[in-house]
Amino acid sequence: MNDVWSWQRAAEALPPILEGFRITLLATVVGTAIAAVLGLLVALVRRSRSRWVTAPVGLAVEFVRSTPLLVQLVFVYLMLPSVPALVVGCVVLGVHYATYMSEVYRAGIDAVPRGQWEAAKALDLPRTRVWRAVVLPQAIRKTLPGLGNYAISMFKETPYLFAISVVEMFTAAQQFGGRTFVYTEALTMVGLLFLLASYPTSLLVRRLENRLA
Amino acid sequence: MPETTAPRDAAPSGTVPAPARATTTVQGAVPAIEFQGVVKRFGDNTVLDGLDFSVAKGDRVTLIGPSGSGKTTILRLLMTLEEADGGIILVDGDPYTHEIRGGKRVEVPEKRRRAVRRRVGMVFQQFNLFPNMSVLENIIEAPMHVLGLTRAQATVRAEELLDQVGLADKRDARCTQLSGGQQQRVAIARALAMDPEILLLDEVTSALDPEIVADVLGVLREVAETTDITMLIVTHEMQFARDVSNRVLMFDHGRIVEEADPETMFTSPTHERTQEFLRAVLGD
Amino acid sequence: MSDNLSTLRDALPRLGEGVVVTLQLTLGGAALALVLALLLGLGSRAGSLWVRGPSRFVVEFFRGTSLVVQLFWLFYVLPVFGFRMESLACGILALGLNYGAYGAEVVRGSINAVPQGQWEAATALDLGPVHRLRRVILPQAWALMIPMLTNLLIQLLKGSALATYILLHDVNYFIEQLRRSTQDTFFSYTVGLLVYFALAYVLTLGMNALEVRAKNRLGSGPSLREVLRVAPVPATTRGGAA
């Protein structure tokens, strides 16, 4: 058993992994924040009546959504050598997930009953007020579970940052494995850490979904 | 005469002190259907509370009463779409979902349930035809895979039935291409293809346009005349009930409040609830 | 620019090879994922806890541990336990397990979405549970599943780009090759992203065609020919009076 798994090696791998975990969390939080804001902007822009606006934005969204995050990360990293890798990582994660979030926002906005719009119109509220005070608060409630689920997805995709030399949790394990030539303990622990972090969180999001439904 | 509801037993549900074998009617034949002390609850709502009644072979029984009175529940219990919380149901004298063994109420294993279930057929309010199969395929599916008929045998029977319900030319049509009335007639053919001893009809015309109702009822009248299938009917169509049934049971809050032949029931009901109900439905 | 284009033209055979590898990973992974999704999705609905428990565990396990970790674990750690697997098999296995687990939830949800009346009609006809699933429920659930499975398929395609890092010469690998020959990062990556975009588009079209066919089989939509307007709509059994 000792050449397949070594508790000592596992103990040695843990500190760098936990260091990396902080970066993982940071990237997830910043990326989700960017995605949440940018996604809303995109959803609002796509409601424009003008084809000159919606067509290019639509195409760009489809393009970013359908192409690999991994390739996008390396692309931007290579194109902007002076920007720190972590910044590139957070921004690309944010932009990539903004395309998913824009769909969630769209669905949330569409789900606000027509009657709300009509009542606001009857009260002669200005457009911005209608959005700020009536529509968005209702729409965003519906988007919270989606936002939660995508945050969890993003958390599980932070390992892609290994390709641009950001030492998050997975890269830390990989580097440890590269140094010691044994990947077993490090990779297994990282996998379990992802599971331990994401599963309870996903249950919480599901509970939130049921509460809001 | 078949029994009416006994007054509520003091015994708790789950144990039935009554006899474990089927009782017999005056004629000495085993009843087609027998409920002994059947209890059914939905959450806090007790729909059936120790119901006893029986149906003889060849009987055409219409169940009437307000919604929530338990009529549909009885049909669903007979089709094992619901399970009783207490009491025993017997079909042809055989225990259906539960039986008494050694003084305790136990579940009947699935294999024996299936053998009993095979004798019961049902036509639903929402037709429930299988959209991924053609009309013919809907009708031959169960005879082939449950009764073991060959495709040829099942097809012959299916075509006979389609002819009988007047839809011979629709045999290869997709079910969604048919009107509601046509779909319901196919559903009747599908149920009959299994040669059931007992046919359950759950408000089969309630989802149809009024002009179409007559066609479907016509088919059912013919079935009633040309076969001796035991029929249990839940319907609002009082004229149909009068024409086809030999017994009418009025239900209220899970109990039979009155029972009579159709003529008596509809022209001179004795129980107050029945009078109220019929007045509301028939607009007397 | 014309230099870049001519370099690209010369490199087309290698691009072709890269596309083949990417498609092998994607379609192979998708096939495995579909099988697993069906098994685990049905298992999650089983009556017996002995089946349901492990199914749900496997689903949550492969959903919860990241795809990247799974891939590299199979590549670096599995050999330690004595299993030598070549890279392509590793890739297909990782993609299949991960997306199979996500697919299981889609399968489970779609089966639950089939109208209650269908289950009841099957019971009324005394169809056995396996027969009912095979002939009544799954054909209807399939039409409901396809849009969500399409999403997963595209994610699977995107995930296949990882294969470069386990020494496979897929499209992602080609991008690096092109970059080295043209010395133009922007050009190479744009070409690469466009290739992935095109692959995603074609796969989506394929799934849409499947959906049209599935809906047609249920009688709730036009046939594929009618949609493409290749064949004239035949004047047949459409509607009818009572």
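Everything quoted here is computed from the prediction, not taken from an experiment.

Caption draft 1: Fine view of the overall build of chain A. For chain A, the count of helices and strands is eight helices and zero strands. Starting at the N terminus and walking to the C terminus, you meet the elements of chain A as α-α-α-α-α-α-α-α. If you line up chain A on its principal axes, its C-alpha atoms span 75 × 40 × 25 Å. Across the 213 residues in chain A, those meeting the buried criterion constitute 39%.

Caption draft 2: Spatial organisation of the overall build of chain B. Across its full length, chain B holds nine helices and 12 strands. Across the 284 residues that make up chain B, the buried fraction comes to 48%.

Caption draft 3: Quick look at the pairing of strand β3 (residues 60-64) of chain B. Residue and element names in this part refer to chain B. Of all five residues that make up β3, five are buried, and the element is covered over most of its length. Here β3 shows two buried faces, one formed by R60, T62 and I64 and the other by V61 and L63. Looking at chain direction, β3 and strand β10 (residues 230-234) are connected through four bridges and run parallel. Across the sheet, the residue bridging to V61 is L232, located in β10.

Caption draft 4: Examining the UniProt feature "domain: ABC transmembrane type-1" (unreviewed entry) in chain A more closely. The UniProt entry lists residues 21-205 of chain A under the feature "domain: ABC transmembrane type-1" (unreviewed entry), expressed in the numbering used here. Annotated as 82% helix and 0% strand, the span residues 21-205 of chain A places its first and last C-alpha atoms 21 Å apart.

Caption draft 5: Helix α2 (residues 51-66) of chain A, seen in detail. Look at α2(A): 22 Å from first C-alpha to last across 16 residues, which is about the 22 Å you get at 1.5 Å a residue. Among the residues of α2(A), V61(A), V64(A), R65(A) and S66(A) are the ones counted as buried. The secondary structure elements touched by the buried residues of α2(A) are α1 (7-45) and α4 (85-110) of chain A together with α6 (129-159) and α8 (185-217) of chain C.

Caption draft 6: Up close: the interface of chain C and chain B. In this complex, chain C contributes 24 residues to the contact, which on the side of chain B involves 30 residues. When contributions to the side of chain C that touches chain B are tallied by element, the ones reaching two or more residues are α5 (116-124) and α6 of chain C. Per element, the largest residue contribution to the side of chain C that touches chain B is six residues, and it comes from α5(C). Considering only residue class, the side of chain C that touches chain B consists of nine nonpolar, 10 polar and five charged.

Caption draft 7: Quick look at the sheet that holds strand β9 (residues 198-202) of chain B. Residue and element names in this part refer to chain B. Taking strand neighbours across the sheet as the criterion, the six strands line up as β8-β9-β10-β3-β11-β12 in an open arrangement whose pairing is mixed. In the strand order of this sheet, the two ends are held by β8 (120-123) and β12 (255-260), each with one partner. Within this sheet the neighbouring strands show an average axis-to-axis angle of 20°, counted without direction. Its contacts with the sheet place helix α1 (residues 71-78) against β3, β8, β9, β10 and β11 (247-252), and it is angled at close to 140° to β10.

Caption draft 8: Seen up close, the environment of D170(C). All names here are of chain C. Along the polypeptide, D170 turns up in the loop between α6 and α7 (171-182). The exposure class assigned to D170 is buried, which follows from the 25 C-beta atoms found within 10 Å. Along the primary structure D170 and D126 are separated by 44 residues, whereas in three dimensions their C-alpha atoms are 51 Å apart. Residues within four places of D170 in sequence aside, it is in contact with G18, V21, T22, L25, S160, A163 and T164.

Caption draft 9: Structural detail: the interface of chain A and chain C. With 27 residues of chain A at the contact, the number on the chain C side is 27 residues. With nine residues, helix α8 (residues 184-212) of chain A is the single largest residue contributor to the side of chain A that touches chain C. A breakdown of the residues in the side of chain A that touches chain C according to their chemical character gives 18 nonpolar, eight polar and one charged.

Caption draft 10: Region of interest: the UniProt feature "transmembrane region" (unreviewed entry) in chain A. Residue and element names in this part refer to chain A. Cross-referencing UniProt, the feature "transmembrane region" (unreviewed entry) maps to residues 20-45, 74-98 and 186-205 in the present numbering. The annotated region residues 20-45 carries 100% helix and 0% strand content, and the separation between its end C-alpha atoms amounts to 37 Å. Its end C-alpha atoms 29 Å apart, residues 186-205 is made of 100% helix and 0% strand.

Caption draft 11: Structural context of the arrangement of the chains. Most contacts, compared over the two pairs of chains touching, are made between chains A and C. At no point do chain A and chain B touch; the closest pair of C-alpha atoms across them sits 21 Å apart.

Caption draft 12: Region of the structure containing the nonpolar core. Formed by 202 residues in total, the largest nonpolar core has its most connected members in M101(A), A173(A), L187(A), V190(A), L78(B), L200(B) and L232(B). The greatest single-element share of this core, amounting to 14 residues, is contributed by α6(C). Ignoring sequence-local partners within four residues, the contact set of L232(B) consists of V55(B), V61(B), L63(B), L75(B), L78(B), I198(B) and L200(B).

Caption draft 13: Geometry of α4(A). For α4(A), spanning 26 residues, the distance from its first C-alpha to its last is 37 Å, which sits close to the expected 38 Å at 1.5 Å a residue. Taken as a whole, α4(A) carries its principal kink of about 35° at T99(A).

Caption draft 14: Expanded view of the pairing of β8(B). Residue and element names in this part refer to chain B. Covered by surrounding structure in β8 are V120 and M122 together with G121 and V123, the residues of both alternating faces. Taken together, the four bridges between β8 and β9 define a ladder with parallel strand orientation. Across the sheet, M122 pairs through a bridge with L200, a residue of β9.

Caption draft 15: The arrangement of the environment of A168(B) in detail. Residues and elements named next belong to chain B. In this fold, A168 is placed in the loop between α4 (151-164) and α5 (180-192). Accessibility expressed as a C-beta count within 10 Å gives 12 for A168, which makes it exposed. As a C-alpha pair, A168 and A158 span 10 residues in sequence and 9.4 Å in three-dimensional space.

Caption draft 16: Spotlight on the sheet that holds strand β5 (residues 94-95) of chain B. Residues and elements named next belong to chain B. The sheet built from four strands is open, its strands ordered β2-β1-β4-β5 with antiparallel pairing. The sheet is open, and its two borders are formed by β2 (45-55) and β5, each paired with just one other strand. In this structure, strand β1 (residues 33-42) lies alongside β2, joined through eight bridges in antiparallel fashion. Within β2, the position partnered with R41 by the bridge is T46.

Caption draft 17: Fine view of the packing of helix α3 (residues 67-77) of chain C against helix α4 (residues 87-113) of chain C. Residues and elements named next belong to chain C. In the contact formed by α3 and α4, the axes pass within 9 Å of each other and the chain directions differ by 145°. Two packed elements cross with a definite hand, and for α3 against α4 that hand is right-handed. Taken together, the residues of α4 that come into contact with α3 (itself represented by L67, Q70, L71, L74 and F75) are C90, G91, L93, A94, L97 and N98. Broken down by class, the residue content of the contact of α3 with α4 amounts to eight nonpolar, three polar and no charged.

Rules and cut-offs
Residues numbered from 1 in each chain as written. Chains lettered and ligands numbered in written order. Predicted model: local features only at pLDDT ≥ 70, side-chain atom pairs only at ≥ 80, totals over all residues. Helix = DSSP H or I, 4+ residues; strand = E, 2+ residues; numbered from the N terminus. Buried ≥ 20, exposed ≤ 12 C-beta atoms within 10 Å, placed from the backbone. Pairing = 2+ DSSP bridges. UniProt positions renumbered as here; feature names shortened; annotations may be inferred. Expected span 1.5 Å × (residues − 1). Contact = placed C-beta atoms within 7 Å. Nonpolar A, V, L, I, M, F, W, Y, C, P; charged D, E, K, R; others polar. Axes fitted to C-alpha atoms, helices over the stretch in contact; angles between N-to-C directions. Core = buried A, V, L, I, M, F, W, Y, C linked by C-beta atoms within 7 Å. Bend = angle between axes of the 7 residues up to and from the residue. Left-handed = near helix turned anticlockwise from the far one by under 90°.

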